[in-house]
Amino acid sequence: MKAIYFMQTGSPEVLQYGDLPDPEPAVGEIVVDIHAASVNGVDWKIRNGQYKEITRFPYVLGRDFSGVVAAVGEGVKGLPIGTPVFGVCETANDGAYAEKIAISASNVARKPDTVSHLEAAALALTGITAIVSIEHTLNVQPSEHILIHGGAGGVGSFAIQLARHLGAKVATTSSAANHEYLLSLGAHKVIDYNTQDFTHCVSDYDAVLDTIGGEVAVRSFSVLRSGGRAAFIASGPKAPLPTRTDVQALRPQVNRDSAHLERIMKLLQSKAVQIPEITTFALEDAAKAHYLSESRHLRGKLVLMVRH
């Protein structure tokens, strides 16, 4: 199979396009012929070595994908060969930048015919992360006020729509170029991070979802009311220590399973959320996608077209 892989960590130039052995399904697994694979912010952090230590090479990146079942392992029921599916790898098992992947059947769900492979790949990991963050970790309630950092990104754009669907009042941060886009997604207030200090724009909020990390994460505690809570998905495996004793710092535990994937499609089909803007690259152009992802100046999702 063709795949994008690297033999050492570094800049996007370490990504190679070439042949790797086809995977075989273990017990409880299926092999999927991948049609589209999503590019996530964590991918370039793994590639440059800052996310985790890589000890096995060649290393294939990619955490979510959409495709068609090509082989079925022992014990798998209800997913015959030819079934369109989309899914998300477990945290320790990347591998979607490739024409094929072996994955547990519990990590995929059926893809509706009304949703393309590009769209399903764009929604998978970002959708699960937003659902777990907004519904489970922060437990956002109707009429609550939430600030979502990085609203134009994949997780942020899904989270804005979900929070609005749940009845919350949503503020978000972005560059000025994305303000109209975010208002169209349902944000009530959009803060230009280039010209405005978000800590001067909102206060006494019930919740914060931070997708940026760094000093933005630490400063977010100041906009919470007493008893407020903040969730962090870009600050490593643990939430940053709060600067106050009267607020909660939470790290969502993103479970990659069929139930959450099915929840994404129910939200989409009920029009609670919409497909994000998608920028596509051919699989062999993954390095170009990484340059764009690493710049953080993007709207919506980046998706690799694995099969044209």
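Reading the values: the criteria
Residues numbered from 1 in each chain as written. Predicted model: local features only at pLDDT ≥ 70, side-chain atom pairs only at ≥ 80, totals over all residues. Heavy atoms only, no water. Helix = DSSP H or I, 4+ residues; strand = E, 2+ residues; numbered from the N terminus. Rg over C-alpha atoms; globule rule 2.2 N^0.38 Å. Buried < 20%, exposed > 50% of the residue type's maximum accessible area, 1.4 Å probe, protein only. Contact = heavy atoms within 4.5 Å. Axes fitted to C-alpha atoms, helices over the stretch in contact; angles between N-to-C directions. Parallel < 35°, antiparallel > 145°, perpendicular 65-115°, else oblique. Left-handed = near helix turned anticlockwise from the far one by under 90°. Nonpolar A, V, L, I, M, F, W, Y, C, P; charged D, E, K, R; others polar. Pairing = 2+ DSSP bridges. Arc of directions from axis to C-beta. Expected span 1.5 Å × (residues − 1). Polar contact = N/O pair within 3.5 Å; in protein donor to acceptor, adjacent residues only side chain to side chain. Salt bridge = Lys/Arg side-chain N within 4 Å of Asp/Glu carboxyl O. Core = buried A, V, L, I, M, F, W, Y, C linked by side-chain atoms within 4.5 Å.

Here we come to the overall build of the chain. Regarding its fold elements, the chain presents eight helices and 15 strands. Rg of the C-alpha trace for the chain: 19 Å, near the compact-globule value of 19 Å for 308 residues, within the 12% margin. Here the chain holds 308 residues, and the buried ones make up 55% of them. Pairs at least 24 apart in sequence give 64% of the contacts found in the chain among residues at least 6 apart.

The topology assignment puts Val-170 in strand E9 (residues 169-174). Along the sequence, Val-170 and Ser-38 sit 132 residues apart, while their C-alpha atoms lie 26 Å from each other. For Val-170, the residues in contact, after removing those within four places along its chain, are Ile-146, Ile-148, Ile-160, Ala-163, Arg-164, Ala-187, His-188 and Lys-189.

The subject of this paragraph is the packing of helix H2 (residues 117-137) against helix H3 (residues 154-165). Angle between the axes and distance between the axes are the two parameters that describe a pair of packed helices. In the contact formed by H2 and H3, the axes pass within 8 Å of each other and the chain directions differ by 50 degrees. Comparing their axes, H3 and H2 come out oblique. Once H2 is placed against H3, the crossing between them reads as right-handed. Residues Leu-123, Thr-126, Gly-127, Thr-129, Ala-130, Ile-131, Ile-134 and Glu-135 of H2 form the contact with H3, whose own contacting residues are Gly-154, Val-155, Phe-158, Ala-159, Leu-162 and Ala-163.

A few words now on the packing of H2 against helix H7 (residues 258-269). Where H2 meets H7, the axes come as close as 9 Å, and the angle between the chain directions of the two elements is 95 degrees. Relative to H7, H2 is oriented roughly perpendicular. For the pair formed by H2 and H7, the contact residues are Ala-120, Leu-123, Ala-124, Gly-127, Ile-128, Ile-131, Val-132, Glu-135 and His-136 on the first element and His-260, Leu-261, Arg-263, Ile-264, Met-265, Leu-267 and Leu-268 on the second. Here the residues of the contact of H2 with H7 are counted per class, giving 11 nonpolar, three polar and two charged.

Attention now goes to the sheet that holds strand E13 (residues 248-250). Overall, parallel pairing links the six strands, which are arranged E10-E9-E8-E11-E12-E13 in an open sheet. Two strands lie at the open edges of the sheet, namely strand E10 (189-192) and E13, each paired on one side alone. Ignoring strand direction, the axes of neighbouring strands in this sheet form an average angle of 15 degrees. By the bridge criterion, three bridges tie strand E12 (residues 224-232) to E13 in an arrangement that is parallel. If you follow Ala-231 over to E13, its bridge partner there is Leu-250.

What follows covers helix H8 (residues 286-295). Among all positions in H8, only Ala-286, Ala-289, His-290 and Ser-293 are buried. Buried residues in H8, looked at end-on, bunch into an arc of 100 degrees, giving them a common side. In the core, the buried residues of H8 are packed alongside strand E1 (2-5), strand E3 (29-39), helix H1 (41-47), strand E14 (278-282) and strand E15 (301-305).

As a further point, take H2. Between its first and last C-alpha atoms H2 spans 29 Å; for 21 residues at 1.5 Å apiece the expected length is 30 Å, and the two agree. For H2, a buried count of 18 out of 21 residues is recorded, marking the element as mostly surrounded by other parts of the structure. Where H2 ends, the next residue or the one after it, Asn-139, has phi of about 50 degrees, a positive value.

For the rest of this paragraph, the subject is the side chain of Asp-94. Residue placement: Asp-94 occurs in the loop between strand E5 (84-88) and strand E6 (100-104). Side chain to side chain, Asp-94 and Tyr-59 meet in a polar contact 2.5 Å long. Of the polar contacts made by the side chain of Asp-94, one reaches the side chain of Arg-63; its length is 2.8 Å. Apart from residues no more than four positions distant in its own chain, Asp-94 is found in contact with Ile-46, Lys-52, Tyr-59, Val-60, Leu-61, Gly-62, Arg-63 and Cys-89.

In the structure shown here, the tally under the stated rule is 13 salt bridges. Across the salt bridge formed by Arg-219 and Glu-215, the nearest N and O atoms sit 3.4 Å from each other. With Arg-219 and Glu-215 both in helix H6 (residues 214-219), this residue pair falls four residues apart, about one helical turn. According to the relative accessible area criterion, Glu-215 is partly exposed, its value standing at 48%.

Soluble, globular proteins show a tendency: their nonpolar side chains are buried together. One finds Ile-134, Leu-138, Ile-146, Phe-158, Leu-182 and Leu-261 to be the most contacted residues of the largest nonpolar core, which totals 43 residues. Sorting the residues of this core by element identifies E5, H2, strand E8 (145-148), H3, helix H4 (179-185), strand E11 (205-210) and H7 as the ones contributing at least two each. In terms of residue count, the dominant contributor to this core is H2 (nine residues). Each residue touching Phe-158, except ones within four places of it in the same chain, is listed here: Leu-123, Gly-127, Ala-130, Ile-131, Ile-264, Leu-267 and Val-273. Counting residues in each nonpolar core, the second largest holds 39 residues, with Val-69, Val-108, Phe-281 and Leu-304 among its members.

What follows concerns the environment of Ser-38. With respect to the helices, strands and loops of the structure, Ser-38 is situated in strand E3. Ser-38 sits in the buried class, given a relative accessible area of 0%. For the pair Ser-38 and Val-88, spaced 50 residues apart in sequence, the C-alpha separation works out to 9.8 Å. Apart from the residues lying within four places of it in its own chain, the contact partners of Ser-38 are Asp-43, Asp-64, Tyr-97, Ala-121, Lys-301, Leu-302 and Val-303. A distance of 2.6 Å separates a polar atom in the side chain of Ser-38 from a polar atom in the side chain of Lys-301.

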